[in-house]
Amino acid sequence: MTVLSVTRTTVLTICVVSLVLLTLSWTAENNNAIGAFNSVLRFKLPTSIPPTFNVEEETPIQSLPFTAVILYLISQSRVVEMLDSLASLHAKLPGHPWPILMFHTGDFDDAAAQQTLIRQVDEYLGGDAESMLFAARLEFVKLDWALPEGIPDNVTQVDPIEAFRWPGYHHMCAFFAVHIFTHPRLQDVTYYMRMDTDSLIEEPLCYDPFELMHRNGKAYGYRSVGGDAFETTRGLLEYVTDYASRHSVVAARLRHNDWDGAYVDEDGDIVIPRTLGYFNSFEIVALQAFRLPDVQEFFDDLMSVPERIYKRRWGDAPLRYATVQMFFDDERDTEEFCGMKYYHPQVPTPHCPCVPL
């Protein structure tokens with residue numbers, strides 16, 4: 001064994017032991033801060049947050065009243081492009097070194113595959129002490145997706161929209177639209193930031209985006225808004241309109257947010273406007289906000305007809321947009337990260353100056 005490998009093993013051991021010791025020494029100081037902050041929010045932040053530890057500086061951080069993760073949905077075929085995405089986080093995303101969750105559906109079950117990716121990331125970022133510590137933040141989480149009751153496993157029988165990528169893509173839509181909020185790994189997490197494997201932050205960000213979300217009491221952060229194809233949103237606006245007709249609070253919120261939903265014109269014809277959606281290849285989500293009972297009631301109603309996603313292929317982007325418009329104040333509760341110079345192949349992102357907090 002070389003001196004370099006012994007050093008790396010020793011550093012990682014120290015980091016893990018230090019983190020465990022800090023967890024054991026957690027006090028109620030942060031809980032009080034969270035309680036005070038909750039008083040101004042419609043949703044509640046978790047009150048049992050473990051202490052945080054700045055691995056790169058090797059100093060404890062006792063003053064952060066929230067926790068966060070960055071997450072990807074990965075496969076072996078996406079590793080090469082993800083290296084550039086991770087490199088952009090390493091170089092250009094300020095703030096605490098939160099865990100980076102590698103959600104996968106089986107490609108990284110094997111410990112050897114996980115270690116190979118960690119080593120690839122370390123080497124791609126330069127193979128120095130900083131890159132090693134960054135790569136050590138990767139955490140692999142297996143997603144056990146299954147077709148919901150009532151959906152057969154025969155693609156010909158289901159005859160879904162975009163059959164060529166059924167059911168994997170449809171599973172992904174259901175996961176990010178609904179099921180992510182009940183995933184066990186995220187139960188004690190305040191915020192998650194999603195990145196696609198081909199997402200890039202192109203210039204250093206002048207603020208910590210999680211701190212911005214927390215300081216301003218935001219429920220949802222996004223980069224830009226666009227439209228989804230009519231073929232994959234057929235019936236979605238009508239469904240939202242029908243749901244609102246049965247829930248007066250939702251109807252009032254949609255009116256407040258100037259929701260452009262389906263309507264009947266003066267000739268009695270149903271008019272379907274363009275269906276909007278967040279380009280959620282990047283998003284920051286306050287998880288507790290989407291666990292509110294009224295939001296969960298909507299999710300239950302949505303998934304009571306699983307064909308909406310698994311046959312019609314309603315996507316997580318327009319569903320996220322609809323959910324936010326139905327249950328949150330678009331101006332008060334959302335944050336457009338215009339100051340982040342962000343790149344994704346399918347996302348137009350006009351840029352504005354980055355303003356420090």
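Structure shown above.
To keep things clear, this report deals only with the structure shown in the data block. (Residues numbered from 1 in each chain as written. Predicted model: local features only at pLDDT ≥ 70, side-chain atom pairs only at ≥ 80, totals over all residues. Heavy atoms only, no water.)

## What to know about the packing of helix α9 (residues 236-245) against helix α10 (residues 248-256)
The geometry of α9 relative to α10 is characterised by a closest axis approach of 6 Å and an angle of 125 degrees between their N-to-C directions. Here α9 lies oblique to α10, going by the angle between them. Judged by residue contacts, V240, Y243 and A244 of α9 engage S248, V250, A251 and L254 from α10. Across the contact of α9 with α10, the residue classes break down as six nonpolar, one polar and no charged. (Axes fitted to C-alpha atoms, helices over the stretch in contact; angles between N-to-C directions. Helix = DSSP H or I, 4+ residues; strand = E, 2+ residues; numbered from the N terminus. Parallel < 35°, antiparallel > 145°, perpendicular 65-115°, else oblique. Contact = heavy atoms within 4.5 Å. Nonpolar A, V, L, I, M, F, W, Y, C, P; charged D, E, K, R; others polar.)

## Structural notes on the sheet that holds strand β5 (residues 138-142)
Reading across the sheet, the seven strands line up as β5-β4-β3-β6-β13-β8-β14 and stay open at both edges, with mixed pairing between neighbours. Every interior strand has two partners, whereas the edge strands, β5 and β14 (334-336), have only one. Adjacent strand axes in the sheet meet at a mean angle of 20 degrees when their direction is disregarded. As paired elements, strand β3 (residues 68-73) and strand β6 (residues 191-195) share four bridges and run parallel to each other. Bridge pairing in β6 links L71 to R194. Lying over the sheet, helix α4 (residues 111-124) contacts β4 (100-104) and β5, oriented at roughly 145 degrees with respect to β5. (Pairing = 2+ DSSP bridges.)

## What about the packing of aromatic side chains?
Per the counting criterion, the structure on display carries 24 aromatic pairs. Here the aromatic rings of Y243 and F298 are separated by 5.2 Å at their centres, their planes lie at 75 degrees, and the arrangement is edge-to-face. Of the two residues, Y243 is situated in helix α9 and F298 in helix α11 (residues 293-303); the sequence distance between them amounts to 55 residues. Just as Y243 is buried, F298 falls in that class too. Each ring, one from F298 and one from F299, has its centre 6.0 Å from the other, and the planes form 45 degrees; the classification is tilted. This pair shows no difference in class: F298 is buried, exactly as F299 is. The ring of F176 has R194 sitting right over it, with the charged end atom 3.7 Å from the ring centre. (Phe/Tyr/Trp six-rings, centres within 6.5 Å; stacked < 30°, edge-to-face > 60°. Buried < 20%, exposed > 50% of the residue type's maximum accessible area, 1.4 Å probe, protein only. Lys NZ or Arg CZ within 6 Å of the ring centre and 35° of its normal.)

## Considering the nonpolar core
Ranked by size, the top nonpolar core spans 96 residues in total, and within it Y72, L89, L117 and F290 carry the most contacts. Residue contacts for L89: discarding those within four places in its chain leaves I70, Y72, F134, M193, M195 and I201. (Core = buried A, V, L, I, M, F, W, Y, C linked by side-chain atoms within 4.5 Å.)

## With respect to the side chain of Q325
By the element assignment, Q325 lies in helix α13 (residues 316-327). A distance of 3.3 Å separates polar atoms of two side chains, one belonging to Q325 and the other to D330. Apart from the residues within four sequence positions on either side, Q325 is in contact with R253, L254, N257, W259, Y278 and D330. (Polar contact = N/O pair within 3.5 Å; in protein donor to acceptor, adjacent residues only side chain to side chain.)

## Section: the side chain of H170
The residue H170 is located in helix α7 (residues 168-177) in this model. Discounting residues that sit within four places of it in the chain, H170 has contacts with P160, I161, E162, R165, I309, Y310 and R313.

## A word on the state of the cysteines
Counted under the stated rule, the structure contains two disulfides. What pairs with C206 in a disulfide is C354, and their sulfur atoms sit 2.2 Å apart. The disulfide joining C206 to C354 has a torsion of about -95 degrees about its S-S bond and is therefore left-handed. One end of the pair, C206, is in the loop between β7 (200-201) and α8 (209-215); the other, C354, is in the segment after β15 (342-343), with 148 residues separating them in the sequence. Judged by its relative accessible area of 25%, C354 falls in the partly exposed class. C338 shares a disulfide with C352; S-S distance 2.1 Å. With a gap of 14 residues between them, C338 in the loop between β14 and β15 and C352 in the segment after β15 connect regions that are remote in the sequence. According to the relative accessible area criterion, C338 is buried, its value standing at 17%. (Disulfide = S-S within 2.5 Å.)

## Topic: α7
The buried fraction of α7 is high, at eight of ten residues. Those residues of α7 lying buried are H170, H171, M172, C173, A174, F175, F176 and A177. The inward-facing, buried residues of α7 abut β3, β4, β6, α11, α12 (307-310) and α13.

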